[in-house]
Amino acid sequence: MIIVDDDPAVLRSLKFALEIEGLDVRIYGDAQSLLLDDDLPARGCLVIDYAMAGMDGFELIDRLRRRDVRLPAILMTGLPSREVRERARRAGFCKVLEKPLHDSALLDGIRSALTRSQEGPQ
């Protein structure tokens, strides 16, 4: 599973929480770092922040899709407006989660996305 967020505290806390749940987690502090990684897994899940310096989550998912990276993706945002949700749906995100994250919403979304990933390309 891959998390992309430009907030180091968010990255550390999500990595810690998800590894406790038994997930293998890779973290990236910006979109460009992920795009430079030529060794992305064939299966898994992307968790991408919407508002990042340099490149937002929509541009990142677009670039990944153009590289034929088809991992299911979850968008995290502090501004989950109807417009953002609709744009996320059109961009191919399977879920939009509001930051700060509460309860088990992220873990539930990841488990659902991982199930989709195991079923193969969409």
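Relevant structure appears above.
All values reported here derive from a predicted model rather than from experimental measurement.

Criteria and thresholds
- Residues numbered from 1 in each chain as written.
- Predicted model: local features only at pLDDT ≥ 70, side-chain atom pairs only at ≥ 80, totals over all residues.
- Heavy atoms only, no water.
- Helix = DSSP H or I, 4+ residues; strand = E, 2+ residues; numbered from the N terminus.
- Buried < 20%, exposed > 50% of the residue type's maximum accessible area, 1.4 Å probe, protein only.
- Polar contact = N/O pair within 3.5 Å; in protein donor to acceptor, adjacent residues only side chain to side chain.
- Contact = heavy atoms within 4.5 Å.
- Phe/Tyr/Trp six-rings, centres within 6.5 Å; stacked < 30°, edge-to-face > 60°.
- Core = buried A, V, L, I, M, F, W, Y, C linked by side-chain atoms within 4.5 Å.

### Some details on the side chain of Asp5
At step 1: By secondary structure assignment, the location of Asp5 is in the loop between β1 (2-4) and α1 (8-20).
At step 2: The class of Asp5 is buried, set by a relative accessible area of 0%.
At step 3: Only 2.8 Å separates the side chain of Asp5 from the backbone nitrogen of Asp7, close enough to count as a polar contact.
At step 4: Engagement of the side chain of Asp5 in a polar contact is seen with the side chain of Lys99, the distance being 2.8 Å.
At step 5: Apart from residues lying up to four places away in sequence, Asp5 is in contact with Val10, Leu11, Tyr28, Gly29, Asp30, Asp49, Met52, Met76 and Lys99.

### Digging into the packing of aromatic side chains
At step 1: This model, assessed by the stated rule, comprises 2 aromatic pairs.
At step 2: Measuring from centroid to centroid gives 5.9 Å for Phe58 and Phe93, while their planes differ by 85°, and the two rings are edge-to-face. Taken together, the residues Phe58 in helix α3 (residues 57-66) and Phe93 in strand β5 (residues 93-98) connect sequence positions 35 residues apart.
At step 3: Taken together, the aromatic side chains of Tyr50, Phe58 and Phe93 make up a single cluster linked through ring pairs.

### Here's the deal with the nonpolar core
At step 1: In terms of nonpolar packing, the biggest core is built from 24 residues, with Leu34, Leu46, Ile48, Leu60 and Leu64 touching the most fellow members.
At step 2: Only β1, α2 (31-36), β3 (46-49), α3, β4 (73-77), α4 (82-91) and β5 provide two or more residues apiece to this core.
At step 3: If one sorts the elements of this core by residue count, α3 sits on top with 4 residues.
At step 4: When near neighbours in sequence (up to four residues on either side) are disregarded, Leu46 contacts Ile2, Leu34, Ile61, Leu64, Arg65, Leu71, Pro72, Ala73 and Ile74.
At step 5: Grouped together as the second largest cluster of nonpolar side chains are 17 residues, Ile3, Leu14, Val47 and Met76 included.

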